[in-house]
Amino acid sequence: MSLENFLYRLHFDTENARPSDREVDWEDAPLTYKMYRGLPVIPLPEEVPLSLADQRVSQGLSLHQLGAWLWYSYGLIQISQGLLTTTLADAGSESFLPHVTNRRPIPSGGALYPSELYVYLKLSSIPPGLYHYDAAHHRLVQLREGNFDHFLSRALGGSCPVNECFGVAFVSIYFWKNFFKYDEFSYRLQGLDAGVLLGQMQEMAKKFGVSTTVHYQFLDRAMNALLGLSAVQESVYAVVPLSFQTEGSMQSPTQWIERGEETASDLMGELSEQKHVHVMRSKRRRKYPALLQMNEAVMQESTHSFTRYSDHLESKWTRLSDERILLPRLQKPSYDLAQFCRERFSPEMDFIRKRTDQDQVARIMEMTMSALSYGSDLGKVPEVAWGRLSLYVSIHQVEGMQDGAYAYEPVEHALYPIVYGDLRARLQDGMTLENVNLYQVPLCFHVAGKRDHLINQLGFRGYRIQQMEAGIVVHHLLLAAFTCGMGGHPLLGFDVKNCDDLYNLETEEKTCLIQIPVGHYRARARFQGGLHG
């Protein structure tokens, strides 16, 4: 299989990435969370705070604070029950089926949550070691006990002083959890899902005064072996050291220490083999050779294969025209992240028309692109990150703004018009599913990235890095919309070529990665209950 053709299908030929004649075997669907058997567990306090105000700490997380951090990052926070409407073809009548979902603080494609969250912790309240966050029971499952600072520092290529951190978080992808529904198209979803989780963890870290740096490059097989993961089922996508130091005091990951070559094979030889038993419920699992081939292709066996990302090939912002709208610089809004987690909702046919103004557009734009100022082993210069990802928007009936498609320039905090007019019909026609009414939506955002998916600089690993960064941006966009009293629905079911043509992206060697309609919405009829203690 050509990996280039595989990635092309994921974006421009999605019908061939998802067989149209295959029915989803819902009776054999996997759990949306992973559960281990026969391992030591540490229950986390059930008294989770309803507000995250005044949670900042300077040294040492208590068990209560750790529980709140994990629960608001990736816990099961609510149970929601609604009704699915089905039409009987033979009778032409409608029936209603109960539909129960376990809701988490963040969105996921199909609410399937392919990511899993692991942590390496050195806290006084629990034994040092590696743990899996068991979201189903809100507890930690111990995978290995002991100090692994030296191992992790070497697996990260010497780019982080792990001994100065109180912990490290690992975001993995369990392939089958959404492959069973989306087939090969799940590979595109998995990177985005992991990125949204990273975005939420970064926001949680800010609330607790924790510094984070996202590492996209590491010795994959060594990390998987440390956690006891089978690479044919699950693989680590990102590693996030956690520290109470100020951001500027931690060694920049772009200044890697040259300590000679480290290999995954050498590090794995230092570990005792561990095989854990876990439950995922599915009895009939199809094979996914394309996903495994991609996962194998991106793995880094040696620290010498780590690539220092460079911006010297990045094209600088090209002024599209002399016409522009300078957006107002607004004070950063105060918001309760816990409230966002509880009230987050992805409207579908629930959007309604309501007053939208330029200030709301300005706030969403600025908050969204500020997400790319985070620390990572790609560097922390926003202008460089803005070369990797861009933000575009189609506007309808926003006070003080003409309908049309615009490009956002974050340095100037300005919108540049590309084409004027009511674009709702064009965007609605480009939807592959009629699950969102775009005629009721004032703002339809598109996150765009390099058309080569960073492969020229970072190899095939660049594709999943691009998707994760797009997920981080999507998370901040949804949070920004919440501060404006609006909601958004991330979508991949749209005609990419249509949107690329709308924004003239091919001439800039970019492509749309995800579409997010944003607007006001009405409450949906459903029963909903919180799971906090």
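Rules used in this analysis
- Residues numbered from 1 in each chain as written.
- Predicted model: local features only at pLDDT ≥ 70, side-chain atom pairs only at ≥ 80, totals over all residues.
- Heavy atoms only, no water.
- Pairing = 2+ DSSP bridges.
- Helix = DSSP H or I, 4+ residues; strand = E, 2+ residues; numbered from the N terminus.
- Contact = heavy atoms within 4.5 Å.
- Axes fitted to C-alpha atoms, helices over the stretch in contact; angles between N-to-C directions.
- Phe/Tyr/Trp six-rings, centres within 6.5 Å; stacked < 30°, edge-to-face > 60°.
- Patch = residues over 30% accessible without salt bridge, like charges linked within 9 Å, V, L, I, M, F, W, Y side chains within 5 Å.
- Areas by Shrake-Rupley, 256 points an atom, 1.4 Å probe, with all protein chains shown as cover.
- Salt bridge = Lys/Arg side-chain N within 4 Å of Asp/Glu carboxyl O.
- Expected span 1.5 Å × (residues − 1).
- Buried < 20%, exposed > 50% of the residue type's maximum accessible area, 1.4 Å probe, protein only.
- 1 Å grid on protein atoms, 1.4 Å probe; cavity = no way out; pocket = protein on both sides within 12 Å on 5 of 7 lines; lining within 4 Å.
- Points joined across faces, edges and corners; volume = space filled by probe spheres on them.
- Nonpolar A, V, L, I, M, F, W, Y, C, P; charged D, E, K, R; others polar.
- Disulfide = S-S within 2.5 Å.
- pLDDT = per-residue confidence, 0-100.

Asker: Looking at this structure, how should I read the sheet that holds strand S17 (residues 487–488)?
Answerer: Strand-to-strand pairing in sheets goes through backbone hydrogen bonds, with the strands running parallel or antiparallel. Reading across from one edge, S12-S15-S14-S13-S16-S18-S17 is the order of the seven strands in this open sheet, with antiparallel pairing throughout. The open sheet has two edge strands with one neighbour each: strand S12 (325–326) and S17. Strand direction decides the pairing type here: S17 and strand S18 (residues 510–519), joined by two bridges, are antiparallel. By the bridge assignment, Gly488 is partnered in S18 with Val518.

Asker: What exactly am I supposed to notice about the sheet that holds strand S6 (residues 129–134) here?
Answerer: Sheet architecture is open: seven strands sit in the order S2-S7-S6-S5-S8-S10-S9, paired in antiparallel fashion. In the strand order of this sheet, the two ends are held by strand S2 (41–43) and strand S9 (211–212), each with one partner. Pairing geometry for S2 and strand S7 (residues 139–145), over three bridges, is antiparallel. Counted as the bridge partner of Ile42 is Leu140 from S7. Its contacts with the sheet place helix H3 (residues 63–74) against S2, strand S5 (115–121), S6, S7, strand S8 (167–174) and strand S10 (234–243), and it is angled at close to 160° to S5. Strands S5, S8, S9 and S10 of the sheet are contacted by helix H6 (residues 186–208), whose axis makes an angle of about 155° with S8.

Asker: Hey, could you run me through the packing of aromatic side chains in this one?
Answerer: Each aromatic ring pair is characterised by the separation of its centres together with the angle its planes make. Going through the model one piece at a time under the given rule, you end up with 16 aromatic pairs. Ring centres 4.5 Å apart and planes at 20° place the aromatic pair Phe166 and Phe244 in the stacked group. Placement of Phe166 in the loop between helix H4 (149–155) and S8 and of Phe244 in the loop between S10 and helix H8 (264–268) is noted, with a sequence separation of 78 residues between them. Through successive ring pairs, a cluster of aromatic residues spans Trp26, Phe175, Trp176, Phe179, Phe180 and Tyr288.

Asker: Explain a nonpolar patch on the surface to me, please; I cannot follow it from the model alone.
Answerer: Taken together, the side chains of Ile79, Val100 and Leu531 present a nonpolar region at the surface, about 240 Å² in accessible area. Tracing the sequence through the fold places Val100 in strand S4 (residues 93–103).

Asker: Any chance you could explain H6 here in plain terms?
Answerer: Count 3.6 residues to each turn of an α-helix, and residues three or four apart come out pointing the same way. Look at H6: 33 Å from first C-alpha to last across 23 residues, which is about the 33 Å you get at 1.5 Å a residue. Burial of H6 is extensive: 21 of the 23 residues sit out of reach of the surface. Of the residues one or two after H6, Gly209 is the one with positive phi, at around 75°.

Asker: Is there a simple way to explain empty space enclosed by the protein in this structure?
Answerer: Over the atoms, a rolling probe the size of a water molecule traces out where space has been left empty. Enumeration over the complete set of coordinates arrives at four cavities of 30 Å³ or more. Surrounding the largest cavity, Ser394, Ile395, His396, Gly404, Gly421, Leu423, Arg424, Leu427, Leu438, Val441, Leu443 and Cys444 form its lining. Mapped by element, the contributors of at least two residues to the lining of the largest cavity are strand S13 (389–395), helix H13 (424–429) and strand S16 (443–450). Counted by class, the lining of the largest cavity contains seven nonpolar, four polar and one charged residues.

Asker: Which parts of the structure should I look at to understand the pairing of S5?
Answerer: The side chains of a regular strand alternate between the sheet's two faces. Across the seven residues that make up S5, a large majority, seven, are buried. Side chains of S5 alternate between two faces, with Ser115, Leu117, Val119 and Leu121 and Glu116, Tyr118 and Tyr120 buried alike. Sheet topology note: the S5/S8 ladder contains seven bridges and is antiparallel. If you follow Tyr118 over to S8, its bridge partner there is Phe170. As paired elements, S5 and S6 share four bridges and run antiparallel to each other. What sits directly across from Leu121, in S6, is Gly129.

Asker: Sorry if this is basic, but what is going on with the pattern of salt bridges here?
Answerer: Two side chains bearing opposite charge may form a pair once their charged atoms approach each other closely. With the rule as written, the count across this model stands at 23 salt bridges. For the salt bridge of Arg388 with Glu469, the shortest nitrogen-to-oxygen distance reads 2.8 Å. Note that Arg388 is positioned in helix H12 (residues 382–388) and Glu469 in helix H15 (residues 461–483), a separation of 81 residues in sequence. Among the ionic contacts, a cluster of salt bridges with common partners joins Arg22, Asp183 and Arg286.

Asker: Even after reading the chapter, I still don't get the environment of Ala135, so can you show me in this structure?
Answerer: Within the secondary structure, Ala135 is located in the loop between S6 and S7. Taking the C-alpha atoms as reference points, Ala135 and Ser159, 24 residues apart in sequence, are found 30 Å from one another. Discounting chain neighbours no more than four positions away, the residues touching Ala135 are Tyr74, Gly75, Leu76 and Arg104.

Asker: Before we go on, may I ask you to explain unusual backbone geometry in this structure?
Answerer: For Gln397, which is not glycine, the phi dihedral falls at a positive 55°. Relative to the helices and strands, Gln397 is located in the loop between S13 and strand S14 (404–409). The class for Gln397 is partly exposed, based on a relative accessible area of 49%. Phi at Glu509 takes a positive value of approximately 60°, unusual for a residue other than glycine.

Asker: Just to check I follow, could you spell out the state of the cysteines for this structure?
Answerer: Disulfide: a covalent bond formed between the sulfur atoms of two cysteine residues. This structure, assessed with the given rule, holds zero disulfides. Counting only cysteine sulfurs, Cys165 is the nearest neighbor of Cys160, a cysteine outside any disulfide, at a range of 4.1 Å. In this structure Cys512 is not part of a disulfide, and its nearest cysteine sulfur, from Cys499, lies 5.0 Å away.

Asker: So what exactly am I meant to see when it comes to the environment of Ile465 here?
Answerer: Considering the arrangement of structural elements, one finds Ile465 in helix H15. Measuring from C-alpha to C-alpha, the distance between Ile465 and Lys510 comes to 16 Å, with 45 residues separating the pair along the chain.

Asker: I would appreciate a short explanation of the pairing of S6 in the present structure.
Answerer: Of all six residues that make up S6, six are buried, and the element is covered over most of its length. Two elements, S6 and S7, share six bridges in a ladder whose sense is antiparallel. Bridge pairing links His132 to Val141 in S7. Hairpin connection of S6 to S7: four residues between the antiparallel strands, including His138 at a positive phi of 50°.

Asker: Quick question: what am I supposed to make of H3 here?
Answerer: The terminal C-alpha atoms of H3, which comprises twelve residues, lie 16 Å apart, in line with the 16 Å expected from a rise of 1.5 Å per residue. With ten of twelve residues buried, H3 is to be regarded as a mostly interior element. If you check which residues of H3 are buried, you get Gln65, Leu66, Gly67, Ala68, Trp69, Leu70, Trp71, Tyr72, Ser73 and Tyr74.

Asker: How should the confidence of the model for the protein chain be read in this particular structure?
Answerer: Looking at the protein chain, pLDDT values average 90 and 91% of them are 70 or higher. Across residues 247–256, where pLDDT falls below 50, the model places 28 contacts with residues more than four positions away in sequence or in other chains.

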